[in-house]
Amino acid sequence: MFLLAHGLYAQSESNYPELTAKGENIEEVIPMGWQLLSEARGDLNGDGLADVVFAIQSPIQETIEYNDGFESDTLNTNPRVLGIYFGKRNEKLKKVLQSNTFIINRSTPAMDDPFKGLQILPNGILQLNFYIWECRECTSWSSHEYRFIYQNQAFELVSYVESTTQRISGDETSYQVDFQKGTLTTISIESDAETNEQTSDKQIIKFELLQLQTIKSLKKPFQWLFQNLHI
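In this report, we go over the structure that sits alongside the text. For clarity, every value in this text was computed on a predicted model and none was experimentally measured. (Residues numbered from 1 in each chain as written. Predicted model: local features only at pLDDT ≥ 70, side-chain atom pairs only at ≥ 80, totals over all residues. Heavy atoms only, no water.)

1. Focus: the pairing of strand β3 (residues 51-57)
Each regular strand displays side chains that alternate between the two surfaces of the sheet.
(1) Moving on: Judged by how many residues are buried, β3 sits mostly within the fold: seven of seven residues are covered.
(2) Moving on: Of the two faces of β3, the one lined by Asp51, Val53, Ala55 and Gln57 and the one lined by Val52, Phe54 and Ile56 are each fully buried.
(3) Moving on: One ladder, built from six bridges, connects β3 with strand β6 (residues 80-87); its direction is antiparallel. Looking at the pairing, Phe54 lines up with Gly83 of β6. (Buried < 20%, exposed > 50% of the residue type's maximum accessible area, 1.4 Å probe, protein only. Helix = DSSP H or I, 4+ residues; strand = E, 2+ residues; numbered from the N terminus. Pairing = 2+ DSSP bridges.)

As structure tokens, then:
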């Protein structure tokens, strides 16, 4: 199931432009013709100036013949780019990060778009949201929340939340990882169809992590195996 939901496809680096190092505004730094998928503004580095984060998609559609061993179909995808720019006192924008891999696209023809937007929280945390629903007939779906803080000259992953819901039973399981405190909280909620009652169970385990992951070190969502989670 993991391989099906998060399978990755090869894309030529020539389809990814190098975002300009500086610009007057977001319209100036986004390549011509590229679609803006999500945009957020806020203070990421604590200097009191407005920064901007955006996810964009190429107008060039890539077509891949998909075969899962049972059926064949055509998968249409477009290259995607994550851009992060800091605001400067001269009211210009300066690029601090470009990722050609973190904003994933569909990996199977039947799945929903996995990218569900980004935001900058009031405390300067950058949040990226994903949602995995492989097909309309599938029996479960999951949401994924990544939170990054700009520190040590990098966007470090400070928390991750994964929530999975079972379609038939309504059972829910959530995993909340706090990388700064070194805790993994698992909350399971089970529903009784006969009584319509719910029971919950909560477990907390502690761990030690010598170094925080970053957007660059992770490269792509769901590729890092940590505490039996694909983060």
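2. Re the sheet that holds β3
(1) Moving on: In spatial order, the strands read β1-β7-β6-β3-β2; together these five strands make up an open sheet with antiparallel pairing. With partners counted over all chains shown, the strands left at the sheet margins are β1 (22-23) and β2 (35-42), one partner each.
(2) Moving on: Here six bridges tie β6 to strand β7 (residues 93-99), and the two strands are oriented antiparallel to one another. For Gly83, the partnering residue across the bridge sits in β7 and is Gln98.

3. Here we look at a positive patch on the surface
(1) Moving on: A cluster of basic side chains, namely Lys22, Lys88, Arg89 and Lys94, defines a positive patch on the protein surface.
(2) Moving on: Taking relative accessible area as the criterion, Lys22 reaches 54% and is therefore assigned exposed. (Patch = residues over 30% accessible without salt bridge, like charges linked within 9 Å, V, L, I, M, F, W, Y side chains within 5 Å. Areas by Shrake-Rupley, 256 points an atom, 1.4 Å probe, with all protein chains shown as cover. Salt bridge = Lys/Arg side-chain N within 4 Å of Asp/Glu carboxyl O. Lys, Arg positive; Asp, Glu negative; His and termini not counted. Charge placed at Lys NZ, Arg CZ, Asp CG, Glu CD.)

4. Concerning the packing of aromatic side chains
(1) Moving on: Counted by the stated rule, this structure contains 19 aromatic pairs.
(2) Moving on: Measuring from centroid to centroid gives 6.1 Å for Phe102 and Phe130, while their planes differ by 65°, and the two rings are edge-to-face. Highlighted residues: Phe102 in the loop between β7 and β8 (115-120) and Phe130 in strand β9 (residues 126-132), separated in sequence by 28 residues. By the burial criterion, Phe102 is buried, and Phe130 matches it. (Phe/Tyr/Trp six-rings, centres within 6.5 Å; stacked < 30°, edge-to-face > 60°.)

5. Remarks on the nonpolar core
(1) Moving on: In this structure, Leu126, Tyr146, Phe148 and Phe179 are the most contacted members of the largest nonpolar core, which totals 37 residues.
(2) Moving on: If you list the elements that add at least two residues to this core, you get β3, β6, β8, β9, β10 (140-151), β11 (154-166) and α3 (215-218).
(3) Moving on: Counting residues in each nonpolar core, the second largest holds 12 residues, with Val29, Val52, Tyr85 and Leu93 among its members. (Core = buried A, V, L, I, M, F, W, Y, C linked by side-chain atoms within 4.5 Å.)

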